[in-house]
Amino acid sequence: MTKVDYDGSQLATDAYTVGADPGNGDNLVGIVANDDLREDMPTKRVVVSFNDVKETQTLTDKASALITIGRAPVAIPSLTLYPGLYDPTSFVPGYAGSLRLTRVTWRCMRISW
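Residues numbered from 1 in each chain as written. Predicted model: local features only at pLDDT ≥ 70, side-chain atom pairs only at ≥ 80, totals over all residues. Heavy atoms only, no water.

Engineer: So what exactly am I meant to see when it comes to the nonpolar core here?
Structural biologist: Soluble globular proteins tend to pack their nonpolar side chains together in the buried interior. Core analysis: the largest hydrophobic core is formed by six residues, namely Ala12, Ala15, Val32, Val46, Ala63 and Ile67. Leave out the neighbours within four places in its chain, and Ala15 touches Gly30, Ile31, Val32, Val46, Ala63, Leu66 and Ile67. (Core = buried A, V, L, I, M, F, W, Y, C linked by side-chain atoms within 4.5 Å. Buried < 20%, exposed > 50% of the residue type's maximum accessible area, 1.4 Å probe, protein only. Contact = heavy atoms within 4.5 Å.)

Here you go:
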C-alpha cells in the first residue's frame, strides 16, 4: 500500500430526510444529529428527499443511517504493483487477489477549527 486518501464528502453533523405529503399540505421530516462530530468540525447538514415515504419513523431511520455513514471519512488505499511489471489495463473487473502487509502504521490526527 503506497498511500491512503480520505474522502470526507459524506461527513454529516445533521441529517434531514424529507418525505411525502401525507395529505394535509405538510411534508414529513426526520431529523438526527451527531453531537460528537459537531464538537470536532463545523456544521455539515445533509438533506435527502424520499418522496415515497409517508411515515416519520421511516424518515428518522433513514436520517440515522445517513448520520452513521457520515460519522467518519472513508479511507481509500492505493496500491502500486511492481511498476513496469504489470499493466493495470490487463486486469479484468472481478479478479480477486490477496495482500500481505508487512508493516502497518496508523496515524490519527485531530483537526481543530
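Engineer: Can you help me understand the sheet that holds strand β2 (residues 14-18) in this one?
Structural biologist: Here three strands make up an open sheet; going across it, the order is β3-β2-β4 and the pairing mixed. With partners counted over all chains shown, the strands left at the sheet margins are β3 (29-33) and β4 (45-49), one partner each. Sheet twist, expressed as the mean angle between neighbouring strand axes with direction ignored, is 10 degrees. When β2 meets β4, the two strands line up parallel, connected through five bridges. Among the inter-strand pairings, Val18 is bridged to a residue of β4, identified as Ser49. Along the sheet, helix α2 (residues 56-69) makes contact with β2, β3 and β4, crossing β3 at roughly 35 degrees. (Pairing = 2+ DSSP bridges. Helix = DSSP H or I, 4+ residues; strand = E, 2+ residues; numbered from the N terminus. Axes fitted to C-alpha atoms, helices over the stretch in contact; angles between N-to-C directions.)

Geometric descriptors of this kind do not, in isolation, establish any biological role.
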